[in-house]
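What the coordinates show
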Amino acid sequence: MTRLHVISAATRPTSSGRPLARWVVEQARARGGFEVTPVDLAEIALPFLDEPEYASSGVYSHQHTRDWSALIDAADAVLFVLPMYNGGFTAPFKNAIDFLYREWQGKPVGIVSYSAGPTGGAPAAEMLLPILTRVGMRPAERSLAVPGIPGLVGPEGFAAPEGLADELAGVLDDVAGLAAERAAEALTV
């Protein structure tokens, strides 16, 4: 089974991303084929990058970095649930990526973005793709953008509009396919 970490990239305490991330976790579990671990970047609470060595060295001085490294190492694939602020992704999210290097190498990644506006955070996801590729990740062909997030979150959690589950299923299929390719490549090495 593919170990999938669904990472909620929002750090605001009132973020609409948490209910969305919980829904993504439920959908991934219901799909099957994944051992799903929810990860909340706000709970990880990384400081701004404070390691004296480059991430590519893999030499970590701080326990928070070693813990983050172990968490990402434990995943076969990741799915980021990320907000868009001012047309891009957040500094804490980029910071979390920058803490590591080896741990991201070859890892399949899916993106679910969201925003209050009509783009659903797609511009933030587009900005993120070159960074994910630069650190050696394998982005899924499909992504999911969720517009109007404030109107979709209420006391009962996230209320998915019609068709959204099918779109997410496509992203999960892509991630599963990339994970299977990676596993097959590991067997031939």
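Every value quoted in this text rests on a predicted model; they were computed, and no experiment measured them.

1. A closer look at the environment of A9
The residue A9 is located in the loop between strand 1 (2-8) and helix 1 (17-31) in this model. A relative accessible area of 0% places A9 in the buried class. Sequence-wise, A9 and R102 are 93 residues apart; in three dimensions their C-alpha atoms are separated by 20 Å. Setting aside residues up to four positions removed in sequence, A9 forms contacts with L41, V81, L82, P83, T90 and F93.

2. Describing helix 4 (residues 91-98)
When we look at burial in helix 4, the residues that qualify are F93, N95, A96 and I97. On its buried face, helix 4 is in contact with helix 2 (41-44), helix 3 (63-73), strand 3 (77-83) and helix 5 (122-134).

3. Describing helix 6 (residues 164-188)
Taking 1.5 Å as the rise per residue, helix 6 with 25 residues should run 36 Å; its terminal C-alpha atoms sit 37 Å apart, in good agreement. Among all positions in helix 6, only L164, L168, G170, V171, L172, D174, V175, A176, L178 and A179 are buried.

4. Details of the packing of aromatic side chains
Evaluation of the coordinates by the stated rule reveals five aromatic pairs. Aromatic side chains W23 and F158 sit 5.2 Å apart centroid to centroid with 55 degrees between the ring planes, which places their arrangement in the tilted category. Separated by 135 residues along the polypeptide, W23 in helix 1 and F158 in strand 8 (residues 157-158) bring together distant segments of the chain. No difference in accessibility class separates W23 from F158, as the two residues are buried. Between F89 and F93 the ring centres are 6.3 Å apart and the planes differ by 85 degrees, which places this aromatic pair in the edge-to-face class. Taken together, the ring pairs in this structure connect W68, F80, F89, F93 and W104 into an aromatic cluster.

5. As for the pairing of strand 3
Here strand 3 lies mainly inside the structure; seven of its seven residues are buried. Side chains of strand 3 alternate between two faces, with A77, L79, V81 and P83 and V78, F80 and L82 buried alike. Where strand 1 lies against strand 3, five bridges are found, and the strand directions are parallel. Of the residues in strand 3, the one forming a bridge with V6 is L79. The sheet contact formed by strand 3 and strand 4 (residues 108-114) spans six bridges and is parallel. By the bridge assignment for strand 4, V81 is matched with V112. In the classification by handedness, the crossover that spans strand 3, the intervening helix 4 and the parallel strand 4 is right-handed.

About the thresholds
Once a new chain begins, its residue numbering starts again from 1 and follows that chain's sequence as written. Only residues with pLDDT of at least 70 get local features here, since the model is predicted, and only at 80 or more are side-chain atom pairs given and counted; chain-wide, interface and lining totals rely on the full set of residues. As a convention, hydrogens and water are excluded, and side-chain values are obtained from all of the structure's heavy atoms. Think of it this way: any DSSP run of H or I at least four residues long counts as a helix, any run of E at least two long counts as a strand, and we number them from the N terminus. The rule is simple: take the accessible area with a 1.4 Å probe, protein chains only, and divide by the maximum for that residue type; under 20% is buried, over 50% is exposed, in between is partly exposed. Any pair of residues with heavy atoms lying within 4.5 Å of one another is described as a contacting pair. By definition here, a helix of n residues has an expected span of 1.5 Å times n minus one. For Phe, Tyr and Trp, where Trp contributes only its six-membered ring, two rings pair if their centres lie within 6.5 Å, and the inter-plane angle classes them as stacked under 30 degrees, edge-to-face over 60, or tilted in between. Only strands joined by at least two bridges in the DSSP assignment are considered to pair. With the strands pointing away from the viewer, any crossover whose connection runs clockwise from the first strand over the helix to the second is right-handed.

Geometric values such as these leave the question of function open.
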